[in-house]
Amino acid sequence: MTEAGNANIVQLFLTAGWTARAVLIVLALFSLGSWAVIVGKIWSFSRAASHSARFVAHFRKSRKFADVLGVCDQYPSSPLVGLFRAGYAELDAQVKAGREVAPSDSGRLFVKSFPAIERALERAAGVETNRLTRRLPFLATTASATVFIGLFGTVWGILTAFRQIGMTGSTSIVTVAPGIAEALVNTAAGLVAAVPALIAYNYFNGRLRVIRSEMRDFALEFLNLAERHFT
């Protein structure tokens, strides 16, 4: 944007009424907050995808659960790590309980309840989903609320224009221009805040669906591997 354009926007803000200024400030705060969330989520989703890809590769080439547990700290952003730790904790608890109740001379380890492991994986998937969706509702709120906040500013600007007409008795462009300018600026500000938030919210929801699918697939792989080793 040119220096003249910036100066015009600043001039419009300075000449606007207090209501219009308050609307613009609220919209600016929403916009800044949503962009902070967007940048943070792009970073966190990218790290989650990168860490998950490397963790799954290590998981599939490992022969023992203990080997996988040793590399979990290397991939802290992966939601699959949370699933593995939860499933392994339940698996290890059942194996230890089985040893205490009925020690086996054959060295073969057994698991009592695979549904319990499945429930542990489901709980962990819920925890990881909640972690990934943190602050996403703010984007939805921004996308829906800022449009109406901008609309309020638009209506207020039009009312200002009509009030000026009533006070001066003139319908010239000089009379109505300030109110119409307020209305148009508030409309534009509302759209500027809402559109990026809406696009980002839908984009992150799409990424989240992919991650949920990956977590379901990983849980099934974990259960299949557990059945092969402990039954």
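Keep in mind it's a predicted model, so treat the numbers as computed, not measured. (Residues numbered from 1 in each chain as written. Predicted model: local features only at pLDDT ≥ 70, side-chain atom pairs only at ≥ 80, totals over all residues. Heavy atoms only, no water.)

### Quick look at the pattern of salt bridges
Under the counting rule described, the total for this entry stands at four salt bridges. Here Glu128 makes a salt bridge to Arg131, at a shortest N to O gap of 2.8 Å. A residue pair is termed a helical-turn pair when its members lie 3 or 4 positions apart in one helix, as Glu128 and Arg131 do in helix H5 (residues 114-133) at three residues. Of the residues examined, Glu128 reaches a relative accessible area of 11% and is grouped as buried. (Salt bridge = Lys/Arg side-chain N within 4 Å of Asp/Glu carboxyl O. Helix = DSSP H or I, 4+ residues; strand = E, 2+ residues; numbered from the N terminus. Buried < 20%, exposed > 50% of the residue type's maximum accessible area, 1.4 Å probe, protein only.)

### Describing the confidence of the model for the protein chain
Looking at the protein chain, pLDDT values average 84 and 81% of them are 70 or higher. Highest mean pLDDT in the protein chain belongs to H5 (93); lowest belongs to helix H1 (residues 3-15) (53). Residue range residues 1-5 is modelled with pLDDT below 50. Its contacts to residues more than four positions away, or to other chains, number two contacts. (pLDDT = per-residue confidence, 0-100. Contact = heavy atoms within 4.5 Å.)

### Notes on the side chain of Ser34
Mapping Ser34 onto the fold places it in helix H2 (residues 18-61). By relative accessible area, Ser34 is classed as buried at 1%. Beyond its immediate sequence surroundings of up to four residues, Ser34 is in contact with Phe138, Leu139, Thr142, Ala193 and Ala197.

### A look at the packing of aromatic side chains
Using the criterion set out here, one finds 13 aromatic pairs in the structure. With 6.1 Å between their ring centres and 35° between their planes, Phe65 and Phe84 make a pair best called tilted. A residue pair is termed long-range when its members are at least 10 positions apart, and Phe65 in helix H3 (residues 65-69) and Phe84 in helix H4 (residues 79-101) qualify at 19 residues. Note on Phe84: relative accessible area 0%, which makes it buried. Here the aromatic residues Phe55, Phe59, Phe65, Tyr75, Phe84, Tyr88, Phe218 and Phe222 are joined through ring pairs into a cluster of three or more. (Phe/Tyr/Trp six-rings, centres within 6.5 Å; stacked < 30°, edge-to-face > 60°.)

### Here's the deal with a nonpolar patch on the surface
A cluster of nonpolar side chains, contributed by Val147, Phe148, Leu151, Phe152, Val155, Trp156 and Leu159, occupies part of the molecular surface with about 660 Å² of accessible area. On the basis of relative accessibility, which here comes to 42%, the residue Val155 falls in the partly exposed class. (Patch = residues over 30% accessible without salt bridge, like charges linked within 9 Å, V, L, I, M, F, W, Y side chains within 5 Å. Areas by Shrake-Rupley, 256 points an atom, 1.4 Å probe, with all protein chains shown as cover.)

### Notes on unusual backbone geometry
Of note, Arg135 is a non-glycine position whose phi angle comes to about 75°, a positive value. Among the secondary structure elements, Arg135 is positioned in the loop between H5 and helix H6 (136-168). Arg135 gets classed as exposed once you look at its relative accessible area, which sits at 55%.

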